[in-house]
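As a plain string of letters, each chain reads:
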Amino acid sequence: MNFTTPLFLFFFLLIFGLRWILPRLKMLPEWVPKPFLLAGSYFFYMSWNPKFGLLLFGTTVLDYWIGRIMDQKEGRFRAILLSLSLVLNLGVLAFFKYFIFFMQSGNAVFSAFGLNLSLPVWGIVLPVGISFYTFQSLSYTIDVFRREILPEKNFWNYALFLSFFPQLVAGPIVPARTFLPQLRTWVAWKELPLREGLVLVLIGVWKKVVIADQLSILPDSFYRSPLEFSSAYAWAAVFAYSLQIYCDFSGYTDIALGSALLLGFKLTENFRMPYLASGFSDFWRRWHISLSSWLRNYLYIPLGGNRKSELRTYVNLFLTMLLGGLWHGASWNFVVWGGFHGIFLGLERLGKKFCPDFFSAENGPGILGRFSYRIFVILGVVLCWVFFRSPDWKTTGIVFEKLFHFSNGADPTLSSLRILSIAFFLFFAATWIGNRDEKYGSFRKFYEGLHPVIFGVLVGIGFLLGAVFSSESQPFIYFVF
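What you are looking at is a predicted structure, and each value in this text was computed from that prediction instead of being measured.

Chemist: What is the right way to look at the overall build of the protein chain in this model?
Modeler: Scanning the protein chain from N- to C-terminus turns up 19 helices and zero strands. For the protein chain, the proportion of its 481 residues judged to be buried stands at 52%. Within the protein chain, counting contacts between residues at least 6 apart in sequence, those at least 24 apart form 75% of the total. As displayed, the protein chain has an accessible area near 23,000 Å², and 70% of this comes from carbon and sulfur atoms.

Dropping the structure here:
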């Protein structure tokens, strides 16, 4: 998947250059780069596997026309059209992503009952980003059905909405109501937030190539053969992966958001310092925000949310997180990961009802309990990542045995501990800066106040240092989802 880096840079620089040159030529309108952006996005996606470009285009045609027809109809026919969009989109997603999983699970169930009924298991290649653009397209048809947005009349605008290359393969999942209006009023060149965009790209590059890729050494070695390592290495690897997946995924998101800003588009925020969460519900308001928002708006609330009985609320929470886990991949490990988060959310809601003092504000009487609970939340999130990272159930069992039953084996080397320590330092420093910037805007004021030449030099040095301290390139973790 490393092909994406040069292609991403190529198309970004192409469209960025066109947006800068054309207004100055005063020969062509500024919207001219839009067709280049659409063509470039498709070429970017099809460079991995051309035939899957047809799949993306098919989804585009389907939901564009369903939206147009739905706007002209009333009553039951609108519901039929929405059902058609849901069935076809989720059917395609289920076939490519879950067919092998369900067939293998079916064979295992039959074998458990002594039946040798062999269901077909085909080798199906998973299209990159299919989970993201499928949910994104469904947000459009559902919103049109609810009459929350008007259908898009320009087919090419809708095609660009689904294929916009900065966020195409790993999100964030951008709702139609957020992106489509921006295509109708594309920001002029002079209004582009250049500094904010460059800073976001720089931060994303550092998160990915300096922190995440360096940290990958520990969990990759450990999960490959966990029996060879000690309990100390197990804990180091588990915490390293927790940082790795955050820096990897949020790094991609920062690059996508920054690149989009430099092209004149504002995407959906996807992370808000999740490891500062005060509870599991707060964690999901900070982690993969675009997915958790999608699940809340299009699954949890339609299921009834918290408007039904108390028991129904817990069931809705659990089902939402269970399906959220399954969205991440065709594995029971992901289902269990989502299920545990659903249980934690339910227990937290129950705790707030019966032990409100324990969950009181930080300055209240429950400050010690609140601090203890924060530690419990982070530990719970970290341990849940074991299910997310582990390749199979056998490995999962060995990992937890290593974590909670002291055993000997290879200990972390000084170099790996040094990498982990530096990563934690950079993470806490960045979190402190981000927290202050969220409250006071200190960091933003700093770089916005710099002279353009000084700003350019510092950004250039930042990218240079990122290249110097980078590790061997690793694929983005969320490309497989």
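Chemist: Teacher, can you tell me more about the nonpolar core here?
Modeler: Nonpolar side chains in soluble globular proteins tend to be buried together. Ranked by size, the top nonpolar core spans 112 residues in total, and within it Trp287, Trp385 and Tyr478 carry the most contacts. With 18 residues, the single largest contributor to this core is helix α10 (residues 231–263). Leaving out residues up to four positions away in the same chain, Trp385 has contacts with Tyr241, Ser242, Ile245, Tyr275, Phe283, Trp287 and Trp337. Of all hydrophobic cores here, the second largest spans five residues; its members include Val199, Tyr447, Leu450 and Val459.

Chemist: Looking at this structure, how should I read the packing of aromatic side chains?
Modeler: The description of two aromatic rings rests on the distance between their centres and on the angle between their planes. Counting across every chain of the model gives 57 aromatic pairs. An angle of 25 degrees between the planes, with centres 6.5 Å apart, marks the rings of Tyr275 and Phe283 as stacked. Across the pair, exposure class does not vary: Tyr275 and Phe283 are buried alike. Here Phe334 and Phe388 contribute two aromatic rings whose centre-to-centre distance is 5.0 Å and whose plane-to-plane angle is 80 degrees, an arrangement assigned as edge-to-face. Of this pair, Phe334 sits in helix α14 (residues 332–354) while Phe388 sits in helix α15 (residues 367–389), placing them 54 residues apart in sequence. Given a relative accessible area of 12%, Phe334 falls into the buried group. Geometry around Phe52 places Lys51 over its ring, the cationic atom sitting 5.8 Å from the centre. Here Lys97 stacks its cationic end above the ring of Trp327, 5.1 Å away from the centre of that ring.

Chemist: Is there a simple way to think about the packing of helix α6 (residues 155–163) against helix α7 (residues 176–184) in this case?
Modeler: To characterise two packed helices, one gives the angle between the axes of the helices and the distance between these axes. Axis separation between α6 and α7 bottoms out at 10 Å; the angle between their running directions is 130 degrees. As judged from the angle between their axes, α6 and α7 are oblique. You can see that α6 and α7 cross each other, and the crossing is right-handed. Taken together, the residues of α7 that come into contact with α6 (itself represented by Asn157, Tyr158, Leu160 and Phe161) are Ala176, Phe179, Leu180, Leu183 and Arg184. Split into classes, the residues belonging to the contact of α6 with α7 amount to seven nonpolar, one polar and one charged.

Chemist: What exactly am I supposed to notice about a nonpolar patch on the surface here?
Modeler: Where nonpolar side chains cluster on the molecular surface, the patch consists of Phe446, Val453, Ile454, Val457, Leu458, Ile461, Leu464, Leu465, Val468 and Phe469 and spans about 930 Å² of accessible area. For the nonpolar patch, the element with the highest residue contribution is helix α19 (residues 452–468), accounting for eight residues. With respect to the helices and strands, the residue Leu458 is situated in helix α19. Residue Leu458 is classed as partly exposed on the basis of its relative accessible area of 41%.

Chemist: I would appreciate a short explanation of the environment of Asp71 in the present structure.
Modeler: Considering the arrangement of structural elements, one finds Asp71 in helix α3 (residues 51–72). Since its relative accessible area comes to 34%, Asp71 is described here as partly exposed. Apart from residues lying up to four places away in sequence, Asp71 is in contact with Arg78 and Pro151.

Chemist: Explain α19 here, please?
Modeler: Note: α-helices contain 3.6 residues per turn, so residues at a spacing of three or four share the same orientation. Between the first and last C-alpha of α19 there are 24 Å, a value that for 17 residues agrees with the 24 Å anticipated at 1.5 Å per step. Check the buried side of α19 and you find it contacts α8 (194–215) and α18 (442–448).

Chemist: Help me out: how do you make sense of the pattern of salt bridges in this one?
Modeler: Opposite charge on two side chains makes pairing possible when the charged atoms of those side chains draw close. Applying the stated criterion across every chain, the model contains 12 salt bridges. Measuring nitrogen to oxygen at the nearest pair gives 2.9 Å for the salt bridge that ties Glu74 to Arg147. With a gap of 73 residues between them, Glu74 in the loop between α3 and α4 (76–112) and Arg147 in the loop between α5 (130–145) and α6 connect regions that are remote in the sequence.

Calculation notes
Residues numbered from 1 in each chain as written. Predicted model: local features only at pLDDT ≥ 70, side-chain atom pairs only at ≥ 80, totals over all residues. Heavy atoms only, no water. Helix = DSSP H or I, 4+ residues; strand = E, 2+ residues; numbered from the N terminus. Buried < 20%, exposed > 50% of the residue type's maximum accessible area, 1.4 Å probe, protein only. Contact = heavy atoms within 4.5 Å. Areas by Shrake-Rupley, 256 points an atom, 1.4 Å probe, with all protein chains shown as cover. Core = buried A, V, L, I, M, F, W, Y, C linked by side-chain atoms within 4.5 Å. Phe/Tyr/Trp six-rings, centres within 6.5 Å; stacked < 30°, edge-to-face > 60°. Lys NZ or Arg CZ within 6 Å of the ring centre and 35° of its normal. Axes fitted to C-alpha atoms, helices over the stretch in contact; angles between N-to-C directions. Parallel < 35°, antiparallel > 145°, perpendicular 65-115°, else oblique. Left-handed = near helix turned anticlockwise from the far one by under 90°. Nonpolar A, V, L, I, M, F, W, Y, C, P; charged D, E, K, R; others polar. Patch = residues over 30% accessible without salt bridge, like charges linked within 9 Å, V, L, I, M, F, W, Y side chains within 5 Å. Salt bridge = Lys/Arg side-chain N within 4 Å of Asp/Glu carboxyl O. Expected span 1.5 Å × (residues − 1).

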